[in-house]
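Listed here are the chains, written in short residue letters.
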Protein chains: 2
Amino acid sequence: MTKKLTIALDAMGGDNAPGEICEGALRACEQFEDLEMILTGDKEKIKPCLERASSDTARRIRVMHTAEVVLMNEQPVTAIRKKRDSSMRTAMEMVRSGEAQGCLSAGNTGAIVAGGVLVVGRMPTIDRPALGVPLPTINRWTFLLDVGASVRSKPVNLYQYAQMGSVYSKKILGVAEPEIALLSNGTEEIKGDEVVMEAREMLLKSSLNFKGYVEGDDVPWGRADVVVCDGFMGNVILKFGEGLMQGARSIVEEEMGHRFMPKVGMLFMISMVKTLWARFNYEKYGGTPLLGVEGTVVKAHGRSKAPAILGALSAARNFILKDGVENIRQELETA
Amino acid sequence: MTKKLTIALDAMGGDNAPGEICEGALRACEQFEDLEMILTGDKEKIKPCLERASSDTARRIRVMHTAEVVLMNEQPVTAIRKKRDSSMRTAMEMVRSGEAQGCLSAGNTGAIVAGGVLVVGRMPTIDRPALGVPLPTINRWTFLLDVGASVRSKPVNLYQYAQMGSVYSKKILGVAEPEIALLSNGTEEIKGDEVVMEAREMLLKSSLNFKGYVEGDDVPWGRADVVVCDGFMGNVILKFGEGLMQGARSIVEEEMGHRFMPKVGMLFMISMVKTLWARFNYEKYGGTPLLGVEGTVVKAHGRSKAPAILGALSAARNFILKDGVENIRQELETA
């Protein structure tokens, strides 16, 4: 028999909760036979969303009722501290107690980070955890971090992000010798601000496969396996990329509406837009692991629908199966 | 008779100098009858590039021989200080002496900024000049600054960028009441780092039409007329946008090569790619004015070919005709 694994899912987090979140959970259980899930949230609202479950799936999904919800714009630390009966905090407590091997939420990003630190626990070797995203690029998958666990970073934080990113790339994404780079305003040595420059010095002395600086256009071209930046920068460029691709898509769709185009032209156009969208849809990266905490905590995009939740659950499962937390701990202890 | 205006052009700056630079100058003279130009650089290399000029155009282009060139990766301040006979510095000296009303270079960005401050002169009311770019977005042109005159900024610098951006948007781009925004990691009040938060407080008290924070995806959607950030951030997102659009284009072209596609489908595809490219080609923004110095100094992209040089010359001409420098001086003095 396959070994089972359990993921706690915050069914109330995100713009499309609980409907799309529950549907994502159903699809994940259908896809992964080893998966068991605990859905935290308002049971009256969750139950109807699970009605279509087969008996096998239903057997593997448990609903844990919670009375509170962390709102999207709430002050993160306060929300996690005070809303002890919230769906998000309860999912995290499942990880701390060992009832679940990991948890997922599409809710308030700051609160997920705060919960990761306060409820699941920060690794003693890590000053600050980081949110990382595997991004599709022209050449390869590039793991970008931090995309918003912190705002600004010290050199030591960037250094630790590089260490964690290297482990993620190697162990989870399967890259043999991940190339690590620091995001800067130019590739030359004289570029960077003081923080980036000092992090560069630290990384040059480390055992990591450090390639120096990359620039903004090196990210979509995939010129490194791991790109390290502070959370302010990571947040802005990730959202900028999302907006740019959505914008491009809306222009193409509008043009397709305006122009006379024979059906065959239209068909090719649609397939091309789909190809491009599949390659560069920065919104569908599927799951953003919080690295540097004592358990598997994954964030999904706030706008996630069922396919993105399925993707994020798949990422969380993968992280658990490949011992992500243990691998990061070992790397940080031996470095 | 039309009033003449003179622009000094660094014919040796950029990856495609002097050929594409000179060709851009010829096209600008052909397009604008009021334009006279001084091309600075190695006359032996420049002359052959101007051979195709009509007699009218030739009459309006003067070559000023210089023996030195500021290289792309040279330390900017040292290069400007020491290479007194460089094409870049000489073009700037034409502006200081009044022989030219403005200058343009596609060379070393840092050196253009250093030359703007040291040769043309910084406005006494401005702590640091800024490079701004009018970006095409879904809704409107958005003027983004700083895109790399400085690395990091203090709150007062961001505040002054907002003032200068507002003037540029109003006087040069013709926006009646430009909406000004600060780029941040979220739209809520609690977002931002300390610098951005303090700049926000200053801007809320100003007479500018300040709308608060915008996020990364608000830039391509065009949710403000002027978006203010520090030069590190501006540099990274501008290049990231360039790379993403180039990457998207290369995927489409590759797909078009692979797929069987009837000619009619191909034609529609090509026209669509062109539409998209024309809308979002971040490389062709045509000219990046250096704001906060005592003369018209415009930077063109280092990879500029003739059409981009033409665009940048057109931007410089426009800035001169609309009294850009004087308008910024007045705004800063009366604010």
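The rules we used
- Residues numbered from 1 in each chain as written.
- Chains lettered and ligands numbered in written order.
- Predicted model: local features only at pLDDT ≥ 70, side-chain atom pairs only at ≥ 80, totals over all residues.
- Helix = DSSP H or I, 4+ residues; strand = E, 2+ residues; numbered from the N terminus.
- Rg over C-alpha atoms; globule rule 2.2 N^0.38 Å.
- Buried ≥ 20, exposed ≤ 12 C-beta atoms within 10 Å, placed from the backbone.
- Contact = placed C-beta atoms within 7 Å.
- Pairing = 2+ DSSP bridges.
- Axes fitted to C-alpha atoms, helices over the stretch in contact; angles between N-to-C directions.
- Expected span 1.5 Å × (residues − 1).
- Core = buried A, V, L, I, M, F, W, Y, C linked by C-beta atoms within 7 Å.
- Parallel < 35°, antiparallel > 145°, perpendicular 65-115°, else oblique.
- Left-handed = near helix turned anticlockwise from the far one by under 90°.
- Nonpolar A, V, L, I, M, F, W, Y, C, P; charged D, E, K, R; others polar.
- Domains from an automatic or database assignment.

**Section: the overall build of chain A**
- Regarding its fold elements, chain A presents 13 helices and eleven strands.
- For chain A, whose C-alpha radius of gyration is 20 Å, the value lies close to the compact-globule estimate of 20 Å for 335 residues.
- In terms of overall dimensions, chain A has a C-alpha envelope of 60 × 60 × 40 Å along the principal axes.
- Within the span of chain A, comprising 335 residues, buried residues form 57% of the whole.

**A few points about unusual backbone geometry**
- Cis geometry is found at the peptide bond from Ala17 of chain B to Pro18 of chain B, where omega equals -5 degrees.
- Residue placement: Pro18 of chain B occurs in the loop between strand E1 (5-10) and helix H1 (19-31).
- A cis geometry characterises the amide bond from Leu145 of chain B onward to Asp146 of chain B, with omega recorded as 0 degrees.
- Residue position: Asp146 of chain B is located in the loop between strand E6 (141-145) and helix H7 (155-172).
- With a phi close to 55 degrees, Asp323 of chain A is a non-glycine residue in the positive phi region.
- Of note, Asp323 of chain A is situated in the loop between helix H12 (306-321) and helix H13 (324-334).

**Focus: the environment of Glu23 of chain A**
All names here are of chain A.
- Along the chain, Glu23 turns up in helix H1 (residues 19-31).
- Linking Glu23 and Arg52, residues 29 residues apart in sequence, is a C-alpha distance of 9.2 Å.
- Discounting residues that sit within four places of it in the chain, Glu23 has contacts with Cys49 and Ala306.

**A short note on the sheet that holds strand E3 (residues 61-65) of chain A**
Residue and element names in this part refer to chain A.
- Taken together, the eleven strands give an open sheet; going across it, the order is E3-E2-E1-E4-E11-E10-E5-E6-E9-E7-E8, and neighbouring strands pair in mixed fashion. Two strands in the sheet have a free side with no partner beyond their single neighbour: E3 and strand E8 (210-214). Ignoring which end each strand starts from, the neighbouring axes of this sheet average 25 degrees apart.
- As paired elements, strand E1 (residues 5-10) and strand E4 (residues 102-105) share three bridges and run parallel to each other. By the bridge assignment for E4, Ile7 is matched with Gly102.
- Helix H7 (residues 155-172) contacts strand E5 (130-136), strand E6 (141-145), strand E7 (180-183), strand E9 (226-228) and strand E10 (288-291) of the sheet and is inclined by roughly 165 degrees relative to E9.
- Each of E1, strand E2 (35-41), E4, E10 and strand E11 (296-299) is contacted by H12, which is oriented at about 160 degrees to E11, the strand it contacts most.

**Let's talk about H12 of chain A**
- Along its 16 residues, H12 of chain A runs 22 Å from first to last C-alpha, staying within 8% of the 22 Å computed at 1.5 Å per residue.
- Residue Asp323 of chain A follows H12 of chain A closely and has a positive phi angle near 55 degrees.

**With respect to the nonpolar core**
- In terms of nonpolar packing, the biggest core is built from 203 residues, with Leu9, Ala25 and Val228 of chain A together with Ala25 and Val228 of chain B touching the most fellow members.
- In contact with Ala25 of chain B, not counting residues within four places along its chain, are Leu9, Met37, Leu39, Ile61 and Ile309 of chain B.

**Notes on the packing of H7 of chain B against helix H13 (residues 324-334) of chain B**
Residues and elements named next belong to chain B.
- At a minimum axis distance of 10 Å, the contact between H7 and H13 shows a crossing angle of 135 degrees. In this view, H7 runs oblique relative to H13, as classed from their interaxial angle. When you trace H7 past H13, the crossing you get is right-handed. Here Gln163, Met164, Val167, Lys171 and Ile172 of H7 lie close against H13, whose contacting residues are Gly324, Asn327, Ile328, Glu331 and Leu332.
- For the contact of H7 with H13, a count of residues per class yields five nonpolar, three polar and two charged.

**Looking at the sheet that holds strand E2 (residues 35-41) of chain B**
Residue and element names in this part refer to chain B.
- Judged by pairing direction, the sheet is mixed, and its eleven strands sit side by side in the order E3-E2-E1-E4-E11-E10-E5-E6-E9-E7-E8 without closing on themselves. Sheet topology places strand E3 (61-65) and strand E8 (210-214) at the edges, where each strand pairs with a single neighbour. Ignoring strand direction, the axes of neighbouring strands in this sheet form an average angle of 25 degrees.
- Its contacts with the sheet put helix H6 (residues 109-121) on strand E4 (102-105), strand E10 (288-291) and strand E11 (296-299), and the angle it makes with E11 is roughly 175 degrees.
- The sheet contacts of helix H12 (residues 306-321) involve E1, E2, E4, E10 and E11, and relative to E11 the element is tilted by about 160 degrees.

**Describing the domain arrangement of chain A**
Residue and element names in this part refer to chain A.
- What the domain assignment reports for chain A is domain 1 (1-126 + 292-322) and domain 2 (130-284).
- Among the secondary structure elements, those contributing two or more residues to the side of domain 1 that touches domain 2 are helix H6 (109-121) and H12.
- Per-element tally for the side of domain 1 that touches domain 2: the top contributor is H12, with four residues.
- Residues of the side of domain 1 that touches domain 2, tallied by class, amount to four nonpolar, five polar and three charged.

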